[in-house]
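Coordinate inspection notes
Next come the chains, spelled out residue by residue.
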Amino acid sequence: MLLLLISLALLIYSVFLCRLIFVLKRTVKRKQSLIESTAKATFISVVAACKNEENNIISLLDSLSKQNYPAGNFEVIIVDDNSSDKTVNIVERFIIQSPVNIKLIGNCSSGKKSAILNGVKESAGELIIVTDADCIVSPDWISSYERLYLKESPDMIAGRVICDNEDDFLSVFGKYEFAALQGVTEAMTIAGNPVMCSGANMAFRREQYMSHTDKLMMEIGSGDDVFLLHAIKNAGGKICWNGATDAAVRTSGSTTMGGMLRQRARWASKATHYTDAATIMASVIVFAANAALLYLYAGSFFSASLLYLLPFAFVIKAIPDGIIIRQTLIKEKERFSPLLFIIMDIFYPVYFISVFVLSFFPSMKKFSGR
């Protein structure tokens, strides 16, 4: 009976990912043209929260100042979340010589959610685009969102986040894992049943955000992105995926296993507050598959039947994993190494369950340094 349940968990996982792969395969990549008429440009507010980002904030501000979007039709609002380093001074100096409208405000409370809320309240844009202080955007980033906004009239838009890591195994591990998350995010959104998005690259109507502030779970440290997505989705709002090449943002991933575990555990800690059926279902499917494979790892030391089943079970899970990661990396113009992927997928169930366990520790639910 147990072997049947293990096999069923892995088969359901494989079918689930194969359906998402099919969605990604049939998606036609269309090259979008630049805005021709600036007279009709939508006024857009870019909001970014920051805390102790003296080493990163200048790169974000520099990339935002080079946007191929009419300077008079967008503003940048930087919300300082009680930084104790030189972040505020750096932003203030940049504002003096900036060719675009940049505002620096302080967070009247603490935490990223509160900072974003204050930024949105101060904004004048019809469309709000949110990113993180450690990200870099392309010159057509804002334009790509406005094109999709005018074409589809969505209430929310999710975008791609690319991790720029080194070539060591830990960095590749983080890149491949994040690519899998991005692939699932893209496919589920395109399929019309979004389950997650990244606060490092998303947009929404200002009125939609303000009407759902009571559903953002302000008492929880993370989830400024997914709780908003669920609220808009459950209210019948339209959510789109911005697959334009120029829409992606780039950031540096965690450089240590401890940092990666802490970040992923913080993300996972909010899962107990999910009420969206599709998100809960996807979470259960992924958990069951990884728990089943980890059980086979341990059981193989004591049971010959489990040892014989293990390679077949691993292949059933690894094939769709590899396809969706490879497809995502191709879109990101990143290299896919089959050997490194296989090594990563072998260790992944141990890593996944470790993140699951750590997510229940209160210390893991806070942002580092907050």
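Residues numbered from 1 in each chain as written. Predicted model: local features only at pLDDT ≥ 70, side-chain atom pairs only at ≥ 80, totals over all residues. Heavy atoms only, no water.

The next point concerns the overall build of the protein chain. Counting its secondary structure elements, the protein chain contains twelve helices and ten strands. With the C-alpha coordinates aligned to their principal axes, the bounding extent of the protein chain is approximately 70 × 45 × 40 Å. Per-residue burial for the protein chain yields a buried fraction of 54% across its 370 residues. Looking at the protein chain alone, contacts between residues at least 24 apart form 83% of all its contacts between residues at least 6 apart. Both charge centroids of the protein chain, one from 37 positive and one from 34 negative side chains, sit 5 Å from each other. (Helix = DSSP H or I, 4+ residues; strand = E, 2+ residues; numbered from the N terminus. Buried < 20%, exposed > 50% of the residue type's maximum accessible area, 1.4 Å probe, protein only. Contact = heavy atoms within 4.5 Å. Lys, Arg positive; Asp, Glu negative; His and termini not counted. Charge placed at Lys NZ, Arg CZ, Asp CG, Glu CD.)

What follows concerns the environment of R205. On the secondary structure map, R205 appears in strand β8 (residues 201-205). C-alpha separation for the pair R205 and D155, spaced 50 residues apart in sequence, amounts to 5.5 Å. At 3.0 Å, the side chain of R205 and the backbone oxygen of P154 are in polar contact. (Polar contact = N/O pair within 3.5 Å; in protein donor to acceptor, adjacent residues only side chain to side chain.)

Time to look at the confidence of the model for the protein chain. Averaged over all residues, the pLDDT of the protein chain is 91; the fraction at 70 or higher stands at 94%. Within the model, pLDDT remains below 50 along residues 28-39, and this stretch shows 14 contacts once partners closer than five positions in the same chain are excluded. (pLDDT = per-residue confidence, 0-100.)

Moving on to the pairing of strand β6 (residues 156-159). The side chains of a regular strand alternate, first on one face of the sheet and then on the other. Here β6 shows a buried face lined by M156 and A158 and a second buried face lined by I157 and G159. Both β6 and β8 contribute to a ladder of three bridges, which runs antiparallel. The partner of A158 across the bridge, within β8, is M202. Looking at chain direction, β6 and strand β9 (residues 239-242) are connected through four bridges and run parallel. Paired with I157 across the strands is C240, a residue of β9. (Pairing = 2+ DSSP bridges.)

Packed helices, taken two at a time, are described by their axes: the angle between them and the distance between them. One can describe the packing of helix α1 (residues 2-26) onto helix α11 (residues 304-331) by two numbers: an axis separation of 10 Å at closest approach and a directional angle of 15°. Regarding the angle of α1 to α11, the classification is roughly parallel. As α1 runs across α11, the sense of the crossing is left-handed. Across from L3, S7, L10, L11, Y13, S14, L17, C18, L20, I21, L24 and K25 in α1, the residues of α11 making contact are L306, L309, A313, I316, K317, P320, D321, I323, I324, Q327 and K331. Across the contact of α1 with α11, the residue classes tally to 16 nonpolar, three polar and four charged. (Axes fitted to C-alpha atoms, helices over the stretch in contact; angles between N-to-C directions. Parallel < 35°, antiparallel > 145°, perpendicular 65-115°, else oblique. Left-handed = near helix turned anticlockwise from the far one by under 90°. Nonpolar A, V, L, I, M, F, W, Y, C, P; charged D, E, K, R; others polar.)

Pairing within the open sheet is mixed, and its three strands lie in the order β5-β10-β7. Edge positions in the sheet fall to β5 (135-137) and β7 (161-163), since each has one partner strand and no second. Along the sheet, successive strands turn relative to each other by an average axial angle of 30°, direction set aside. Both β7 and strand β10 (residues 249-251) contribute to a ladder of three bridges, which runs parallel. Across the sheet, C163 pairs through a bridge with T251, a residue of β10.

The next subject is the sheet that holds strand β2 (residues 74-80). One open sheet accounts for seven strands, arranged β3-β2-β1-β4-β8-β6-β9; its pairing is mixed. The sheet terminates laterally at β3 (101-106) and β9, the two strands that pair on one side only. Pairwise comparison of adjacent strand axes, ignoring direction, gives a mean angle of 20° for this sheet. Pairing of strand β4 (residues 127-132) with β8 involves five bridges; the strand directions are antiparallel. Bridge pairing links L127 to R205 in β8. Helix-sheet contacts for helix α2 (residues 57-64) involve β1 (44-50), β2, β3 and β4, and the interaxial angle to β2 is about 170°.

A surface patch of nonpolar side chains, about 730 Å² in accessible area, is lined by M1, L2, L4, L5, L8, I12 and Y295. In this fold, L5 is placed in helix α1. (Patch = residues over 30% accessible without salt bridge, like charges linked within 9 Å, V, L, I, M, F, W, Y side chains within 5 Å. Areas by Shrake-Rupley, 256 points an atom, 1.4 Å probe, with all protein chains shown as cover. Salt bridge = Lys/Arg side-chain N within 4 Å of Asp/Glu carboxyl O.)

One pass over the structure, following the stated rule, counts 15 aromatic pairs. Ring geometry for Y176 versus F336: centroids 5.7 Å apart, planes at 25°, classification stacked. With a gap of 160 residues between them, Y176 in helix α6 (residues 169-190) and F336 in the loop between α11 and α12 (338-358) connect regions that are remote in the sequence. Classification of Y176 by relative accessible area gives buried; the value is 2%. Geometrically, the ring pair formed by Y348 and Y351 is tilted, given 5.6 Å between the ring centres and 45° between the ring planes. Of this pair, Y348 and Y351 are both found in helix α12, three residues apart, which corresponds to roughly one turn of the helix. Each member of the pair, Y348 as well as Y351, carries the same accessibility label: buried. Following the ring pairs from residue to residue traces out a cluster consisting of F169, F173, F287, Y348, Y351, F352, F356 and F360. (Phe/Tyr/Trp six-rings, centres within 6.5 Å; stacked < 30°, edge-to-face > 60°.)

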